[in-house]
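Structural features, examined
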Amino acid sequence: MTFAPIRSRGHDAGQASDSVRSVRRHRTGFWLIAFAFATAMAFSTVPTPLYSIYQTRDGFSTFAVTVVFAAYAIGVLTSLLLAGHVSDSVGRKRVLIAALALELGSAVLFLTVLSFPGLVVARVISGLGVGLMTATATAHLQELHAAHRPGASTERFAIVSTAANIGGIGLGSLVSGVLAQFVASPLRVPYLVFVALLLVAVAAVTLTPETVEARFARPAYRPQRLGTGQQGLASYLAAVGGGFASFAVLGLFTSVAPGFVAGTLHHHSHALAGLVTFAVFGASALAQMLTGRLTARVRTFAGLVVPAIGIAVVTISLDAPSFALFLIGGIAAGAGAGVLFKSSIGAVAAASLPAKRGEALAGLFLVSYLGLALPIVGIGVATRYLATTTVMAWFAVAFVALLAVVGVLTTRPHTADIRTERTKS
């Protein structure tokens, strides 16, 4: 006679208790990673309202500001290309702690090296950290969300991740601008504040559960590849094209836009410069939260049309000139860009295989950060030879054309994907 093993009530209760504790740890970890993500992204825009102070102190031109900004974008792109996907193999927490360490190193350089080359190096290091942070934190948030809310809608993940990313960027500029306006050492205090916050973020990451088991036999290293391994070509191009366009808007308001406020529009308040950036990014984050229940078609339409209108209004405001129009146009452009980027990141995350999620998101961010860098560098170069209003008019034309291409790819993905598959076969 054989007997089945007897399971005691205490054993069952212990398993249930462990399950509850695991859910709680993952729920708490979700918010801790969101905090760390937002803090790192906020630090990335601390210099934005300070550029005018650097320009006054060192005689920087608008082109010099774009060089410093381009250094940041180069750091982001390099990091995404070479290491944005490695958390799929080594674990999310290791990469996130490395990213925060780079941000801390950048802050120390801003505090200690005051020359123009020092600013460039500090921005490159900050970009390297952000490149590690973006795709890794986004993937970690999705996995933590799935662990503590299995089977639930991913809407909260999408809102929190994009709010931490884009909302954090706007918050950093606001905090930095307000501090610069009212403290005695505007080029030191903002960085000291974020050194403290970044240290707290490191502690937050260490307390969070890991969601990827590190591989002992790691695959041969290769740089970042684009694609999801599952999604069709046209759909993927539509997603990354939307990311490129969204970040072109966001890059405008984290680089040369504060200079437009001080120069073309004649408002020299550092707090006001930070407020403009915060309003644009705040509108972006808020629009993502308020459009969750809209159909995909309506969200796509809003993400393509609203930023086009916003950039047109910004261009008109510089010719008028009118700060009120500039702010209204910036808010509209930011809101539309946020909706468009949310759609892009949701599409890529949903279509990615779990083992390739970090890689797929890194590919999206790689193309998106090209949108952050290339148009802004072009604007910086062009302003050396043309009037600001002329340069912005050409930017608006190119931006609307890009949105039109994204719209075509979005509304006709299936036909293009079928053609692509036939070509492969």
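Placed above this text is the structure.
Attention here is on the structure that accompanies the text. It should be emphasised that the depicted structure is a prediction, and the values quoted were computed from it without experimental measurement.

**Quick word on the environment of Ala 248**
Examined against the element boundaries, Ala 248 turns out to sit in helix α9 (residues 233–253). Each C-alpha atom, one on Ala 248 and one on Phe 399, is 8.2 Å from the other, the two residues being 151 residues apart in sequence. Contact partners of Ala 248, with chain neighbours within four places excluded, come to Gly 371, Leu 372, Pro 375, Ile 376 and Phe 395.

**Things to note about the side chain of Gln 288**
Inspection of the secondary structure puts Gln 288 in helix α11 (residues 270–290). In this view, Gln 288 contacts Ile 159, Thr 162, Ala 163, Ile 166, Gly 338, Val 339 and Lys 342; residues no more than four positions away in its chain are not counted.

**Looking at empty space enclosed by the protein**
Enumeration according to the criterion identifies two cavities of 30 Å³ or more in this entry. As for the largest cavity, its lining consists of 15 residues, and the residues nearest its centre are Thr 45, Tyr 72, Ile 169, Thr 254 and Leu 372. Listing elements by their share of the lining of the largest cavity, those giving two or more residues are α3 (62–83), α7 (155–182), α9 and α14 (357–382). Here the lining of the largest cavity takes three residues from α7, the largest share from any one element. Tallied by class, residues from the lining of the largest cavity come to nine nonpolar, five polar and one charged.

**Focus on the pattern of salt bridges**
According to the stated counting rule, one finds two salt bridges in the structure shown. Of the charged contacts, one joins Asp 88 and Arg 92 as a salt bridge, the two residues approaching to 2.8 Å between their closest N and O atoms. A salt bridge links Glu 143 to Arg 92; its shortest N-O distance comes to 2.6 Å. Pair noted here: Glu 143 is in helix α6 (residues 116–148) and Arg 92 is in helix α5 (residues 92–112), with a separation of 51 residues, a long-range link. A single burial state applies to Glu 143 and to Arg 92, both of which are buried. Shared partners join several salt bridges into a network, and the residues in it are Asp 88, Arg 92 and Glu 143.

What counts and what doesn't
- Residues numbered from 1 in each chain as written.
- Predicted model: local features only at pLDDT ≥ 70, side-chain atom pairs only at ≥ 80, totals over all residues.
- Heavy atoms only, no water.
- Helix = DSSP H or I, 4+ residues; strand = E, 2+ residues; numbered from the N terminus.
- Contact = heavy atoms within 4.5 Å.
- 1 Å grid on protein atoms, 1.4 Å probe; cavity = no way out; pocket = protein on both sides within 12 Å on 5 of 7 lines; lining within 4 Å.
- Points joined across faces, edges and corners; volume = space filled by probe spheres on them.
- Nonpolar A, V, L, I, M, F, W, Y, C, P; charged D, E, K, R; others polar.
- Salt bridge = Lys/Arg side-chain N within 4 Å of Asp/Glu carboxyl O.
- Buried < 20%, exposed > 50% of the residue type's maximum accessible area, 1.4 Å probe, protein only.

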